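Residue-level listing of the chains:
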Amino acid sequence: RALNAMFARWRISATNNWNISGELCSGVAIDDTEIITLNPGIKCDCTYNNRTTCHITALRVYELDITGTIPDELWNLTYMDDLNLARNYLTGPIPASIGILNRMQSFGENALSGEVPRELGLLTDLRSLCVPLVPFIHVIELKFLI
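Reference entry: report on the structure contained in this document. (Residues numbered from 1 in each chain as written. Predicted model: local features only at pLDDT ≥ 70, side-chain atom pairs only at ≥ 80, totals over all residues. Heavy atoms only, no water.)

**Quick word on the pairing of strand E2 (residues 53-60)**
Moving on, step 1. Burial analysis of E2 places six of its eight residues in the buried class, the great majority of the element.
Moving on, step 2. Across six bridges, the pairing between strand E1 (residues 41-48) and E2 is antiparallel. Across the sheet, residue Tyr48 finds its bridge partner in E2, namely Thr53.
Moving on, step 3. Between E1 and E2, which pair antiparallel and follow one another directly, the connecting turn spans four residues, one of which, Asn49, has a positive phi of 50°. (Buried < 20%, exposed > 50% of the residue type's maximum accessible area, 1.4 Å probe, protein only. Helix = DSSP H or I, 4+ residues; strand = E, 2+ residues; numbered from the N terminus. Pairing = 2+ DSSP bridges.)

**Observations regarding the layout of surface pockets**
The gaps of empty space that remain are located by a probe, the size of a water molecule, rolled over the atoms.
Moving on, step 1. In this structure, the second largest pocket occupies an estimated 180 Å³ of space.
Moving on, step 2. Among the secondary structure elements, those contributing two or more residues to the lining of the second largest pocket are helix H1 (2-10) and E2.
Moving on, step 3. At three residues, E2 tops the list of elements feeding residues into the lining of the second largest pocket.
Moving on, step 4. For the lining of the second largest pocket, the residue count by class is eight nonpolar, three polar and two charged. (1 Å grid on protein atoms, 1.4 Å probe; cavity = no way out; pocket = protein on both sides within 12 Å on 5 of 7 lines; lining within 4 Å. Points joined across faces, edges and corners; volume = space filled by probe spheres on them. Nonpolar A, V, L, I, M, F, W, Y, C, P; charged D, E, K, R; others polar.)

**Some words on the environment of Phe107**
Moving on, step 1. Secondary-structure assignment places Phe107 in strand E6 (residues 106-107).
Moving on, step 2. In this structure the C-alpha to C-alpha distance between Phe107 and Leu126, which are 19 residues apart in sequence, comes to 8.1 Å.
Moving on, step 3. Other than its neighbours up to four places away in sequence, Phe107 contacts Ile70, Leu83, Ile94, Ile98, Leu112, Leu126, Ser128, Leu129 and Cys130. (Contact = heavy atoms within 4.5 Å.)

**Description of the state of the cysteines**
Moving on, step 1. Overall, the coordinates contain two disulfides when judged by the stated rule.
Moving on, step 2. For Cys46, the disulfide goes to Cys54, at an S-S distance of 2.0 Å. Residues Cys46 and Cys54 are joined through a disulfide that is right-handed, its torsion about the S-S bond being 110°.
Moving on, step 3. Within the protein, bonded cysteines paired by disulfides and numbered along the sequence follow the pattern 1-2, 3-4. (Disulfide = S-S within 2.5 Å.)

The structure is reproduced here in structure tokens:
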């Protein structure tokens, strides 16, 4: 699973509140708990295929001192609409693969560098984007009016 691979790389684990019996989309991941209260945390939408299929729609790994580049496994979470990896130590460019997450509405700040990929234009639901103006010093936040 993509999420398990990312968490293993970052050396973090799911909380007991949402990883019940090894099923990621369970507990607070599928109830009315706000993602902002979970860290790390996920939210899932389990309305697919007559409520037999769940997809991760939100991921929050906020200020947990994770390092490295954005892992390729992230691009497998194609139903993601809220991604908060802010205040960590992720480095490198924002990959062009971000365009795969075309449902994403929010992308949090980090220490990423390089050009903003044109594939960002594929995120037609994007409402909030925080990207470094100068890595580690300033962050520009764009809010889109819908």
